[in-house]
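Here is how the chains run, residue by residue.
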Amino acid sequence: MASLVAGCGAWAQQSDDELQKQLVNPVADIVTLPFQWTTNFNTGPFSRPQHTLNIQPVYPVKLDGGWSLINRAIVPLLSNPAVLTGQDRVNGLGDITYEGFLAPPPGAGGLIWGVGPALVMPTASDDRLGQGKWSIGPAVVALKESGPWSVGALVTQVWSFAGDGNRPDVNAFSLQPIVSYRLDSKQSIGYIGIITSNWDEKRSSQRWTVPLGVSYSLLVKPETFVPMNFVAGAGYNVIRPDNASDWFVRFQINFILPK
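A short tour of the structure in this document, coming up. Please read these numbers as outputs of a predicted model, since none were measured by experiment. (Residues numbered from 1 in each chain as written. Predicted model: local features only at pLDDT ≥ 70, side-chain atom pairs only at ≥ 80, totals over all residues. Heavy atoms only, no water.)

**Observations regarding the environment of S180**
Then, in step 1: In this structure, S180 sits in strand 10 (residues 171-182).
Then, in step 2: Taking the C-alpha atoms as reference, S180 lies 9.6 Å from Y216; in sequence the two are 36 residues apart.
Then, in step 3: Setting aside residues up to four positions removed in sequence, S180 forms contacts with V24, P148, W149, S150, S188, I189 and G190. (Helix = DSSP H or I, 4+ residues; strand = E, 2+ residues; numbered from the N terminus. Contact = heavy atoms within 4.5 Å.)

If you want it as structure tokens, here you go:
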């Protein structure tokens, strides 16, 4: 606790506007600990809610030449509804993902980018909560800042290479658009949602999930605690497979920690 309080003075020297920019940037040089809750409505054959709590710590490491290694993890805690008659809801840990971005200093024109591996580990506590496969592939992020706007994308593609031979192979693509507009020094609005594709799905109508969502973000800087960022949003999956969720809501609290 003492280290958290000590870090408050350092954050007080940084403008709120600059801190908001860093929060949107996936390869920013800040340590963060987000807790992101998502409820997906009308999921599965019985149209019941599915809940996810993603714990997503980010820890950057400075390298030579001004480069950085941004270590990101996604630890999902899931509550999935039944998919067969007589089944119970299942709760537990899902598959953990690690992403490591090598990022140079911002280039000419303010272009920010990073590239590295994405590794999905079969850590799920139940077969219904994970894919049962080790998967790996590239992850790329690019971002441009212009005035109050931050616009970019985070793209990953992973393929399975080991794991349960009785489970389907993984060939998964995801694109997370980054669109944020700062209303003032503490508030912003933006896009939420991740576009995904299962390339092994032969039916094009079942391959893609494309959400449209909007979020509101509020930065809070208490005098005796670390800065916190609160995000609330909702969206609709305009393209989705059968039995996938239609509407979703999301709430997030992000603790900005001292290094």
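That covers the picture; the talk isn't over yet.
**Quick notes on the pattern of salt bridges**
Then, in step 1: In this structure the tally under the stated criterion is eight salt bridges.
Then, in step 2: Measuring nitrogen to oxygen at the nearest pair gives 2.7 Å for the salt bridge that ties K186 to D16. Taken together, the residues span a long stretch of sequence, with K186 in the loop between strand 10 and strand 11 (187-191) and D16 in helix 2 (residues 16-24) at a distance of 170 residues.
Then, in step 3: With relative accessibility at 15%, the residue D16 sits in the buried group. (Salt bridge = Lys/Arg side-chain N within 4 Å of Asp/Glu carboxyl O. Buried < 20%, exposed > 50% of the residue type's maximum accessible area, 1.4 Å probe, protein only.)

**Considering the side chain of R72**
Then, in step 1: On the secondary structure map, R72 appears in strand 4 (residues 68-80).
Then, in step 2: For R72, the side chain forms a polar contact with the side chain of E99, separated by 2.7 Å.
Then, in step 3: Excluding residues that lie within four positions of it along the chain, R72 makes contacts with P26, P57, V58, T97, Y98, E99, F101 and L154. (Polar contact = N/O pair within 3.5 Å; in protein donor to acceptor, adjacent residues only side chain to side chain.)

**A look at the nonpolar core**
Then, in step 1: With 15 residues, the main nonpolar core has V27, I70, F101, V141 and V158 as its most contacted residues.
Then, in step 2: Listed by contribution, the elements that provide at least two residues to this core are strand 6 (96-103), strand 7 (111-121), strand 8 (133-146) and strand 9 (149-163).
Then, in step 3: Filtering out sequence-adjacent residues up to four positions away, I70 remains in contact with P26, V27, A28, V58, Y59, P60, E99, G100 and F101.
Then, in step 4: L19, A28, L219 and I256 belong to the second-largest nonpolar core, a separate cluster that totals six residues. (Core = buried A, V, L, I, M, F, W, Y, C linked by side-chain atoms within 4.5 Å.)

**Topic: the environment of V90**
Then, in step 1: Within the fold, V90 resides in strand 5 (residues 90-93).
Then, in step 2: Between the C-alpha atom of V90 and that of A103, which follows or precedes it by 13 residues, the distance is 39 Å.

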